[in-house]
Amino acid sequence: MSITDRFLKYVSFCTTSDEETNMTPSTPGQMTFAKYLKDELTALGMQEVELDDNGYIMATLPANVEGKPTIGFIAHMDTAPDASGKNIHPRIVSQYDGKDIVLNEKENIVLETSKYPEILRYEGQDIIVTDGKTLLGADDKAGIAEIVSACEYLIHHPEIKHGKIRVGFTPDEEIGQGADHFDVQKFGCDFAYTMDGGAIGELEFENFNAAACKIRIHGTNVHPGYGYHKMVNSMRIAYQLAVMLPRWETPEHTQGYEGFYHLIGMTGTVEETTLNYIIRDHDRIRFESRKREIEHLVHKVNREYGEGTAEIELRDQYYNMRTKIEPVMHIITLVEESMKELGIVPKVQPIRGGTDGARLSFEGLPCPNIFAGGENFHSRFEYLPIPSLEKASQLIIKIIEKC
C-alpha cells in the first residue's frame, strides 16, 4: 500500500476527541481506529504489538544490529474537535496550479490563496484537500501513516542496519490528555520523536506552557418585566469578564513566542454561563502570571456580584520541553543532518501549541517534534502536499539509519 493510500484509509475513521466525556479514549471511534492499526502493524510483521484498554498502541521493530540506541516514534490518533472529523471526503488536486481551490462548489467554499498564501509554495505538487465541510485529519494521521510506512520499508529492507525501534500511537492528544496513560518505562526508549508538526522542514523542541480554564458564572432568572434589582444575567457577567482580558493577547493578534488567552467555548443562559479558555505562553514566569490574572478577574467578579457568582477550574496541561531537550541536543542535530541529506531545509522554531512529546519529555523521555507535512490544521481548509508526506516518512528512515 502506498503512503498516500494508507493516509486516505486512515482519515476514513472518525476519531474526533471530546474532553467532556471523562473517558479514555474519549470517543469510541478512536478505539475502532486503534484496533485497525493493531491488526495492520501485526500483518506488516511488527513485534510486541499491544493495544491497551485506554486505546494506546505500542509496537516494536527489533534491532538487526547491536550497539545502537532504542528510538521511538509517536503520533496521535484523534483529530481536533474544532471542526468535524466525520465523513471526511478527501480529494487529490493533481499538479496544483497556484490558483484558488474550489473545495465545495455547491456551498461556495474556496481555499483562497489571498488568505492562505503558504499553499503557493506547493505549486506543481499533488495536494490532498477536503470538501470544505470537515477537517482533513493530517493532524495527526499523516504522522501515523509516515511511521507505519517507514517501518514497512525497513522490514522489507533488512540491509539497513538499525537498533530497536519503538512505535507509539496515542488517543486524545488534541484535548491535552494524550500522555495521561502513556507508560514511558514500558516504551523503553533512549529518546523519541513525535511526528506531529506542520509544514515540511519544521523541527521543534520549544512549546507553550499550557493550561485549561473553565469559568462558570451563576445568575438569577426572573420574568424580565419584573427583573429590576432581582435578575442577575450570567451571560452579561461572563461577557464583562471576557472583555477585561487584554484585547491584543489572543491567537489572532500574537505570533512567535507571544502568549495568549483563547476563548474556545461559551455556552449560557441567564441562570448559568460557562466560559472555556486555554492559556498559553512559552515563558514559565509569564505563564504563571497569566493564570493569576484570570483568577484575579474571577475574584473581581465575585467582589462585585457576590461570592460564588463565578467559579474557576484551572489545570496545567503541559510545560515547555526546551529545558529537557537542551541537555541532549544531539537528538536535534541528528534530525537536522538527516533533513539536509534528503534535501530538506530545517526550520527550527517554537511550537505555538503542544504535543504529547512535551509531557513525555518531563516524564524522562526526551521527545522533540518533527513535521508531518500538513497545513491549516483543525480547519476545513486543511491540506496535505503528498511530497511532504513522503519526505517525512523518508526522514524517519534516514534518522534510524544515521543513529
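Parameters and conventions
Residues numbered from 1 in each chain as written. Predicted model: local features only at pLDDT ≥ 70, side-chain atom pairs only at ≥ 80, totals over all residues. Heavy atoms only, no water. Salt bridge = Lys/Arg side-chain N within 4 Å of Asp/Glu carboxyl O. Helix = DSSP H or I, 4+ residues; strand = E, 2+ residues; numbered from the N terminus. Buried < 20%, exposed > 50% of the residue type's maximum accessible area, 1.4 Å probe, protein only. Core = buried A, V, L, I, M, F, W, Y, C linked by side-chain atoms within 4.5 Å. Contact = heavy atoms within 4.5 Å. Phe/Tyr/Trp six-rings, centres within 6.5 Å; stacked < 30°, edge-to-face > 60°. Axes fitted to C-alpha atoms, helices over the stretch in contact; angles between N-to-C directions. Parallel < 35°, antiparallel > 145°, perpendicular 65-115°, else oblique. Nonpolar A, V, L, I, M, F, W, Y, C, P; charged D, E, K, R; others polar. Patch = residues over 30% accessible without salt bridge, like charges linked within 9 Å, V, L, I, M, F, W, Y side chains within 5 Å. Areas by Shrake-Rupley, 256 points an atom, 1.4 Å probe, with all protein chains shown as cover. Left-handed = near helix turned anticlockwise from the far one by under 90°.

### Some words on the pattern of salt bridges
1) Next: On inspection of all chains with the given rule, the structure shows 21 salt bridges.
2) Next: Between Glu-20 and Lys-214 there is a salt bridge whose closest N-O contact spans 3.8 Å. One end of the pair, Glu-20, is in the loop between α1 (3-10) and α2 (28-44); the other, Lys-214, is in strand β11 (residues 209-218), and 194 residues separate them in sequence.
3) Next: Judged by its relative accessible area of 47%, Glu-20 falls in the partly exposed class.
4) Next: For Glu-107, the salt bridge identified is with Lys-133, shortest N-O distance 3.4 Å. With Glu-107 in the loop between β5 (101-104) and β6 (109-111) and Lys-133 in the loop between β7 (127-129) and α3 (138-156), this residue pair connects regions lying 26 residues apart in the sequence.
5) Next: Judged by relative accessible area, which is 45%, Glu-107 ranks as partly exposed.
6) Next: On the accessibility criterion, Lys-133 (49% relative accessible area) is partly exposed.
7) Next: If you follow the salt bridges from partner to partner, you end up with Glu-249, Asp-281, Arg-286 and Arg-290 in one network.

### Details of the nonpolar core
1) Next: Membership of the largest hydrophobic core comes to 72 residues, with the highest contact counts inside it found for Phe-7, Phe-73, Ile-144, Ile-147, Phe-169, Tyr-193 and Ile-370.
2) Next: Once you skip the residues sitting within four places of it in the chain, Ile-370 turns out to touch Tyr-193, Thr-194, Met-195, Asp-196, Gly-197, Glu-202, Leu-203, Val-335, Leu-395 and Ile-399.
3) Next: If you look at the next biggest cluster of nonpolar residues, it comprises 18 residues, including Cys-213, Ile-237, Ile-279 and Val-301.

### Observations regarding the packing of aromatic side chains
1) Next: Counted according to the given criterion, the structure contains twelve aromatic pairs.
2) Next: Ring centres of Phe-13 and Tyr-36 lie 5.2 Å apart, and the angle between their planes is 45°; on these two criteria the pair is classed as tilted. Residue Phe-13 is found in the loop between α1 and α2, and its partner Tyr-36 is found in helix α2; the two are separated by 23 residues along the sequence.
3) Next: With relative accessibility at 14%, the residue Phe-13 sits in the buried group.
4) Next: Tyr-36 gets classed as partly exposed once you look at its relative accessible area, which sits at 23%.
5) Next: Ring pairs connect the aromatic residues Tyr-10, Phe-13, Phe-33 and Tyr-36, which therefore count as one cluster.

### Let's talk about the packing of α1 against helix α10 (residues 386-402)
1) Next: Contact geometry for α1 and α10: axes closest at 10 Å, N-to-C directions at 105°. Judged by the angle between their axes, α1 and α10 are roughly perpendicular. Residues Ile-3, Thr-4 and Phe-7 of α1 form the contact with α10, whose participating residues are Ile-386, Leu-389, Glu-390 and Ser-393.
2) Next: A class-by-class count of the residues in the contact of α1 with α10 yields four nonpolar, two polar and one charged.

### Brief notes about a nonpolar patch on the surface
1) Next: Taken together, the side chains of Tyr-239, Val-243, Leu-263 and Met-266 define a hydrophobic patch exposed on the protein surface, amounting to about 390 Å² of accessible area.
2) Next: Contributing elements (two or more residues each) for the nonpolar patch: α5 (234-244) and β12 (260-268).
3) Next: Its location among the elements puts Tyr-239 in helix α5.

### As for the packing of α2 against α3
1) Next: It is the contact of α2 with α3, at a shortest axis distance of 10 Å, that shows an interaxial angle of 15°. Taken as axis vectors, α2 and α3 run roughly parallel relative to one another. The chirality of how α2 crosses α3 is right-handed. Of the residues in α3, those in contact with Phe-33, Leu-37, Glu-40, Leu-41 and Leu-44 of α2 are Lys-141, Ile-144, Val-148, Glu-152 and Ile-155.
2) Next: For the contact of α2 with α3, the class distribution of residues is seven nonpolar, no polar and three charged.

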